[in-house]
Amino acid sequence: MPILKKLFIPVCIILIIRLLFQIYFFDSLEHKAQDSLFRIRGAKQVSGDVVIVAIDDNTFQALNRPWPFPRDLHAKLIDNLKKAGAKEIIFDIEFTEYSNPYSDAALAVAAANAGNVVFCGKYIVDPDNPDHQQVQTPIQPLLDLKMNWGIVNMPTDWDGFIREYTLFEKMDKTKYYSIGVAGLGNYRLYAPEWEKGVTVANKYLNVADYRIPIINGKNALINFYGPSETFKHVSYASVVDDSSLSMPGYQGMELDEYYDLAKSGVFKDKIVLIGATIEELHDKFPTAYSSKLTAGVEIHANFMEMVRHNDYLYNLNIWLFVLIEFILAIGVFMLLSYVKPQHSVLITLFLIISLLGLSFCLFKYANVLLPVVELVILFLLLYVSALVIHYLKSQKDKKFIKNSFEKYLAPELVNVLLKDPSKLKYGGALQEVTVLFTDIVSFTTFTEKHRPEETVQMLRGYLTEMVKTIIKNGGIIDKFVGDEIMALFGVPVYTDEHALQACKTALDMRACLLQLREKWAAEGVEPFNFGVGINTGQAVVGNLGSEQLFDYTAIGDTINLGARLEAKTRDYDLKEMTIISEFTYEKVKDKVEARYLDDIKVKGKDISVKIYELISIKE
C-alpha cells in the first residue's frame, strides 16, 4: 500500500473521531470513563483543614423550625465558630433578600465582629436570552460593612454531573469570583479589596499564593477526594446548641453540644463551610462518585482542599494529545496492516489494556486525565480498517492467483493456493521439482504440408487435450513455445510424488495422443507424433517475470536438461517416445517400468547422465 494511503486512512479516522466527540453521547461516554477512574482509585486522605457545618436532618429535628432559619440564628453560629477558633467561616447559604431587620442587623454585626466571614451571591443568566445577565449580591447591610462574598454557581455537564468548578463569572467587565476563590483570597488575611490582587494570566488564576489552572475560560477541574461525607461534617444544631439556646427537638434535654465541640478543637484554625446537606433543600449534585449525591457545600470543600494542597487535576494538552494521537494512529495502523488478522486482534487487545492501565496510572500518580474512550475507539477503528485492508488485499491476491493459475492448475491446487497464498513464493526460491517437456516431432514439416487453418485447428485440439491431462495429474503448465509444452510438478504446492506424477502424465498423454491419431485418421488428416523429456532436481521457482508481467516459472540446469532429454527422443528407437533422467528414475524406480538407454553428455556439462525410456507404471 502506498505510503500516502497509509497516512490518509489514519488521518481520516482521527477526523471522524473528532467529529464523533462533538456528539453528546460520545462526550458523555468519555466523562463516564473518567469518572470510573475516581471510583477505582478510591477516596483520598483529606487534610482535615476544611470542616463542614451541615444543615442536616438532625438540625431540623433539633431546632424544630422551618427553612429558612432566622438570621440571628446564623449570627449565633458565627459567634460560636469564632469562639471555637475557626480560621475562616464561609456560607453556602444565600442572604440575597431581606428578612427581619433585627435578624439582618444581627447577622451583619456578628460577621463584622468575627472579621473572617465570606458570604455568597449568585450569577443568573436567562436561558432564553443569554444576554440578560444578573448578579444577586448579599443584602446591603452586609455590603455596607464590607463583608466579602463570592458566587455559588455550579456548572454541570450535559449529563447533569458536576466535574468542574466555576472560578469566576464576568459581567460588564467585572469578574465575580466564587466563594471558593474568595475563601482562598481571604484565608491568611481578611481584606475588603482582596479582588485587586487576583489576576488571570496564561490560563491560570492567581489568588494569594495559589496558581489555579483554568479550563473553558473560567472553570477548574475538580479533583474529588471521595464520595459524599469524605470531609468532616458537624451538624449545624450541635454548633448552636449552647446554654443560651433551647433545642425543642431534644424534648427538654439540655445537651449543650457546642462546648464539647469547642473543647475538642474540631474548628480550631480550620476553614468552616456552612451549607445544606438535607435532600429537601435540593442542593445536592451527582459527581464522579455518583453512588450518593454530594452536597454543594462539599463540592466547595473539595475545590478548596485541592487548591490549598496544589493537588490539581489536568486535562492532557490538546495539541500534545492530537500529536500523540496522530503518531499512534499511523504507527498502529501500519503495524496492524502488516501482521496477520489473528495477530492484529491480540495486538489491539494488548493496546487497549495497556491504555487503560496507563490512563489509570497517569490519573493516580500525575493527576492527568487521558481521553481513554477516544483512544479505545481509535484503536478499534484502526483494527477494523486494517481488517478491511487485509480482506481487500486477500481478495485481490485470490483473484490474482485464480486468474493466473486456473487455466494451468488442477482446481484442487488452485483452491489450496487460495486458502494459503503464502505457498506461492514471490521472487523465486530453490526447491526440488520435476519438469516435463513435450514437443511435436517434425512439426515444421507438418505445417508445410497443411493449410494454416488446418494446422491451427489440429494444434488447438492437441494442446487442449494435453493440458487437460497435465492438470488432471497435478501438473502446472509453465509455458507454450509454439507446439512445445513445458509443465512442472511439485509446484506451487509441493508433493513427494511429483516425479511419479510427471511419469504418469507422460503415459496418459501418449494414450490421449493415440485416441487423437485415430480420430485424425478417420477424418483423413495426417497424424503426428511427439517426444517427452522428464527430469527431476533443484530449480529456482517463483515469480521471475517483470513488474509489468507476472511469469511463474522455473529456471536452472534441471530445466535445461529436461528440454534436452525431449530432443534426444529422436535419436533412439522408442515405443513411448519418453525419456527420463537418472534423477527421475531414482525417485520412481520401484513404481515404473523403465529401460536403460544410454549415458549421455549434454551441452555445457562434462559429467554424463544416465537416461531411461519410460515404459509403464507398475500395478
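These lines cover the structure that appears in this document, whether it is placed above or below. (Residues numbered from 1 in each chain as written. Predicted model: local features only at pLDDT ≥ 70, side-chain atom pairs only at ≥ 80, totals over all residues. Heavy atoms only, no water.)

Bringing the layout of surface pockets into the picture now. Approximately 1400 Å³ is the volume attributed to the largest pocket. Mapped by element, the contributors of at least two residues to the lining of the largest pocket are α2 (24-41), β12 (219-221), β17 (314-315) and α11 (318-338). When residues of the lining of the largest pocket are assigned to their parent elements, the largest contribution, 6 residues, is made by α2. (1 Å grid on protein atoms, 1.4 Å probe; cavity = no way out; pocket = protein on both sides within 12 Å on 5 of 7 lines; lining within 4 Å. Points joined across faces, edges and corners; volume = space filled by probe spheres on them. Helix = DSSP H or I, 4+ residues; strand = E, 2+ residues; numbered from the N terminus.)

The next point concerns the pairing of strand β8 (residues 174-177). In the sheet, strand β7 (residues 168-171) pairs with β8 via 4 bridges, with the strands oriented antiparallel. The partner of E169 across the bridge, within β8, is Y176. Counting the residues in the hairpin turn of β7 and β8 gives 2 residues, including D172, whose phi is positive at 55°. (Pairing = 2+ DSSP bridges.)

The antiparallel open sheet is built from 3 strands, whose spatial order is β9-β10-β11. The sheet terminates laterally at β9 (199-201) and β11 (210-213), the two strands that pair on one side only. Shown here is a sheet whose adjacent strand axes are inclined to one another by a mean of 25°, direction ignored. The pairing of strand β10 (residues 204-207) with β11 spans 4 bridges and is antiparallel. Across the sheet, residue L205 finds its bridge partner in β11, namely I212. (Axes fitted to C-alpha atoms, helices over the stretch in contact; angles between N-to-C directions.)

Core analysis: the largest hydrophobic core is formed by 52 residues, its most contacted members being L167, L205, I212 and F303. With 7 residues, the top contributor of residues to this core is helix α10 (residues 296-308). Residues L63, L73, V117 and M171 belong to the second largest nonpolar core, which totals 51 residues. (Core = buried A, V, L, I, M, F, W, Y, C linked by side-chain atoms within 4.5 Å. Buried < 20%, exposed > 50% of the residue type's maximum accessible area, 1.4 Å probe, protein only.)

Aromatic rings in a pair are described by how distant their centres are and how their planes are angled relative to each other. Inspection of every chain in the model, using the stated rule, returns 24 aromatic pairs. Ring centres of Y462 and F530 lie 6.1 Å apart, and the angle between their planes is 50°; on these two criteria the pair is classed as tilted. Placement of the pair is Y462 in helix α16 (residues 452-472) and F530 in strand β22 (residues 530-543), with a sequence separation of 68 residues. Each of the two residues, Y462 as well as F530, counts as buried. (Phe/Tyr/Trp six-rings, centres within 6.5 Å; stacked < 30°, edge-to-face > 60°.)

Here we come to α16. For the α-helix, the turn length of 3.6 residues means that residues three or four positions removed from each other point alike. In a regular helix each residue adds 1.5 Å, so 21 residues correspond to 30 Å; α16 covers 30 Å between its end C-alpha atoms and thus fits that length. Along α16, the residues that are buried comprise T455, M458, L459, Y462, L463, M466, V467, T469, I470 and I471. Note on α16: the residue one or two positions beyond its end, G474, has a positive phi of about 90°. (Expected span 1.5 Å × (residues − 1).)

All told, the structure shown has 27 salt bridges when counted by the stated rule. Two residues, E94 and K122, come together in a salt bridge whose shortest N-O distance is 3.9 Å. Of this pair, E94 sits in strand β2 (residues 88-94) while K122 sits in strand β3 (residues 117-126); the two residues are 28 residues apart in sequence, bridging distant segments of the chain. Overall, K122 belongs to the partly exposed group, its relative accessible area being 32%. Here E279 and K284 are joined by a salt bridge, their closest N and O atoms 3.7 Å apart. (Salt bridge = Lys/Arg side-chain N within 4 Å of Asp/Glu carboxyl O.)

Moving on, we come to a nonpolar patch on the surface. Together, L7, V11, L15, L320, L323, I324, F326 and I327 make up an exposed nonpolar region whose accessible area comes to about 650 Å². Broken down by secondary-structure element, the contributors of at least two residues to the nonpolar patch are α1 (3-20) and α11. At 5 residues, the largest contribution of residues to the nonpolar patch is made by α11. Inspection of the secondary structure assignment puts L320 in helix α11. (Patch = residues over 30% accessible without salt bridge, like charges linked within 9 Å, V, L, I, M, F, W, Y side chains within 5 Å. Areas by Shrake-Rupley, 256 points an atom, 1.4 Å probe, with all protein chains shown as cover.)

Moving on, we get to the packing of α16 against helix α17 (residues 498-522). Contact geometry of α16 with α17 gives a least axis separation of 9 Å together with a crossing angle of 150°. For the element pair α16 / α17, the angle class is roughly antiparallel. α17 is crossed by α16, and the crossing has right-handed handedness. For the pair formed by α16 and α17, the contact residues are M458, Y462, E465, M466, T469, I470 and K472 on the first element and T505, D508, M509, C512, L513, L516 and W520 on the second. A class-by-class count of the residues in the contact of α16 with α17 yields 9 nonpolar, 2 polar and 3 charged. (Parallel < 35°, antiparallel > 145°, perpendicular 65-115°, else oblique. Left-handed = near helix turned anticlockwise from the far one by under 90°. Contact = heavy atoms within 4.5 Å. Nonpolar A, V, L, I, M, F, W, Y, C, P; charged D, E, K, R; others polar.)

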